Amino acid sequence: MKLPKKGEIRKPTKTISGVTPVAVMLPPRPCSHGACVYCPNLNVPQSYTPKSPVVMRASALGYDSFKQVKARLKAFELMNHPTDKIEIIIMGGTFLEYPKKFQYDFVKGIYDGLNGKKAKTLQEAKRINETSKHRCVALCIETRPDVCVEYIQRLREFGCTRVELGVQIIDNRIYKLVNRGHSVQDVVEATRALRNAGFKIGYHIMPGLPGSNPKKDLELFKKLFSDERFKPDQLKIYPCQVMPGSVLEEWYWEGKYKPYDEKQTLELLIKMFKIIPRYCRVMRVMREIPPEYIIAGLKRIDLRQELDKELRNSKIKVKEIRFREVGFALRDKRKIKKKTKLKITKYKAFGGDEYFLEIVNDDDILFGLLRLRIFRDKNKKTAMIRELHVYGPELKIGEHSGVSQHHGYGKKLVKKAEEIALKNKCEKIKIISGIGVRKYYEKLGYYLDEIGGEYMVKDFNKI
Ligand code: SF4
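Computed from a predicted structure; not experimentally measured.

Caption draft 1: Representation of the packing of helix α3 (residues 100–115) against helix α4 (residues 122–129). As a packed pair, α3 and α4 sit with axes 9 Å apart at the nearest point and diverge in direction by 30°. Overall, the two elements α3 and α4 adopt an arrangement that is roughly parallel. The handedness of the crossing between α3 and α4 comes out as left-handed. Along the contact surface, α3 presents Tyr104, Val107, Lys108, Tyr111, Asp112, Leu114 and Asn115, while α4 presents Leu122, Ala125, Lys126, Ile128 and Asn129. Here the residues of the contact of α3 with α4 sort into seven nonpolar, two polar and three charged.

Caption draft 2: Inspection of the domain arrangement of the protein chain at higher detail. Each assigned domain of the protein chain is listed with its residue range as follows: domain 1 (1–143), domain 2 (166–176 + 199–323) and domain 3 (326–462). Counting residues at the interface gives 15 residues for domain 1, matched by 21 residues for domain 2. A buried area of about 1400 Å², summed over both sides, lies between domain 1 and domain 2, and 58% of it is on carbon and sulfur atoms. Interface area lost by domain 1 to domain 2 is led by Val37, Tyr38 and Lys51, which between them contribute 43%. The interface formed by domain 1 and domain 2 holds one salt bridge in total. For Glu292, the salt bridge identified is with Lys51, shortest N-O distance 3.3 Å.

Caption draft 3: View of helix α7 (residues 184–196). The end-to-end C-alpha distance of α7 is 19 Å, a good match for the 18 Å that 13 residues give at a rise of 1.5 Å each. Every buried residue belonging to α7 is among Val184, Val187, Val188, Ala190, Thr191, Ala193, Leu194 and Arg195, and all of these are buried. Of the residues trailing α7, Gly198 is marked for its positive phi of about 90°.

Caption draft 4: Expanded view of α4. Those residues of α4 lying buried are Leu122, Ala125, Lys126 and Asn129. One side of α4 holds all its buried residues, which, seen down the axis, span an arc of 100°. The elements touched by buried residues of α4 are α3, β3 (135–143) and α5 (152–157).

Caption draft 5: Spatial organisation of the pattern of salt bridges. One pass over the structure, following the stated rule, counts 47 salt bridges. Notably, a salt bridge pairs Glu189 with Arg192, separated by 3.5 Å at the nearest N-O pair. One end of the pair, Glu189, and the other, Arg192, are both in helix α7, three residues apart, so they sit about a helical turn from each other. A residue is classified by how much of its surface remains accessible, and Glu189, at 30% relative accessible area, is partly exposed. Asp308 is paired through a salt bridge with Arg322; the nearest N and O atoms lie 3.9 Å apart. Note that Asp308 is positioned in helix α11 (residues 303–314) and Arg322 in helix α12 (residues 321–324), a separation of 14 residues in sequence. Judged by relative accessible area, which is 18%, Arg322 ranks as buried. Salt bridges linked by common partners bring Arg195, Lys200, Asp233, Glu354, Arg371, Arg373, Arg386 and Glu387 together as one network.

Caption draft 6: Focus on the sheet that holds strand β14 (residues 455–459). Taken in spatial order, the seven strands line up as β8-β9-β10-β11-β12-β14-β13 in an open sheet, and their pairing is mixed. Each edge of the sheet is formed by a strand with only one pairing partner; in this case those strands are β8 (340–349) and β13 (447–449). For this sheet, the mean inter-axis angle between neighbouring strands, taken without regard to orientation, is 30°. Pairing of strand β10 (residues 366–377) with strand β11 (residues 380–390), which is carried by 10 bridges, proceeds in the antiparallel orientation. Counted as the bridge partner of Arg373 is Met384 from β11. Of the strands in this sheet, β8, β9 (352–361), β10 and β11 touch α7, which is tilted by about 100° from β10. In the packing of helix α14 (residues 409–423) onto the sheet, the strands contacted are β8, β9, β10, β11, β12 (428–431) and β14, and the crossing angle to β10 comes to about 25°.

About the criteria used
- Residues numbered from 1 in each chain as written.
- Predicted model: local features only at pLDDT ≥ 70, side-chain atom pairs only at ≥ 80, totals over all residues.
- Heavy atoms only, no water.
- Axes fitted to C-alpha atoms, helices over the stretch in contact; angles between N-to-C directions.
- Helix = DSSP H or I, 4+ residues; strand = E, 2+ residues; numbered from the N terminus.
- Parallel < 35°, antiparallel > 145°, perpendicular 65-115°, else oblique.
- Left-handed = near helix turned anticlockwise from the far one by under 90°.
- Contact = heavy atoms within 4.5 Å.
- Nonpolar A, V, L, I, M, F, W, Y, C, P; charged D, E, K, R; others polar.
- Domains from an automatic or database assignment.
- Buried area = accessible area lost by both parts, 1.4 Å probe.
- Salt bridge = Lys/Arg side-chain N within 4 Å of Asp/Glu carboxyl O.
- Expected span 1.5 Å × (residues − 1).
- Buried < 20%, exposed > 50% of the residue type's maximum accessible area, 1.4 Å probe, protein only.
- Arc of directions from axis to C-beta.
- Pairing = 2+ DSSP bridges.

Written out as structure tokens, the structure reads:
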């Protein structure tokens, strides 16, 4: 690894959104439904390639979660990144389909890796992490929509705060054609259960699947945000590529399938970005697949940069979160007005009200956000904070030198959410919190309610 010069941070965009992302890869295991036609078959974690950096790192460490976390922390430290606020992402297959004991051991290994020592139980490892040097502020698990609803409680036990669902497209005919093994109704049910339990919800979307075309992709994409059964908080957009060992490879050579070219993909993405609402963040565009593993389809991993450039030059008003984040504005040396205001967007989702609170300046640059859900749970009005995030380059816990983090924006957003909850006659407000953020919420008057999913809670009747 190339080391940075004194005072320099290598790959600064890695922590530009306020947290340090640590990906932990699962050992290879075939999906139980069979294989989707586009999924490569390369004897590594399903849907990955042997030369993907994260796979190479994980396989060298025997896919041990403890060792993977320790190694990533060390690498970030060598690159001069802060490692106080860690976002864990478990990748590489449908985690919730692995044997139950393996799942618990794997997650415990992650917390132990962050804590730098091995605890006796997962519960103990989580407790240590509340005050450890490397705190888990968010934990993301990827799963299939049909392997989700029955595991909500377990996800909370793991300290999970975000779930990414492999949705690809919301069309049953295409699901059948590509052997997805689940239906649109599974997507609906998973989204409903996750939303009401307070999780942040990400969808993986795949334009250009067999049976689709750019017009259809766009129509179904629009539906994601107009139909209140979906409305994801985040997206990863991975245009379909032909990879070795997949059924799609055979279809490609037989002339039965052709992926979109660069022009078609870029045109479609621009149209998609035009309609993405302000409450949604596009985490990635294009998968990080080494070009030698792409038989046909777009090979440009850097397409997002090209897309951003096109969107900024075209003066299209893009509302998507990442496009407006203060960290990227700083990186691009744009002038940033310091005066900020609170903006609230209210929208419906699954019969409940979502309040999307933002701290923005006059140019719509985003400094922080909060997602509040108010819905009826067993006939009681419930308020749930699904996310609190202050953007800008990550600062160490207790540090105050940046433009955004540690300026009281988080506190201001939580206070406003409490006001909205009270106005809606909710007796309590709950927060789905990463283990490492619990102490922060305690300072704001919240306590850990261990019954029913370990949420941080404030009871308005007890104030
Ligand atoms: S669900 Fe994902 S990992 Fe499993 S076969 Fe389909 S694409 Fe591959």
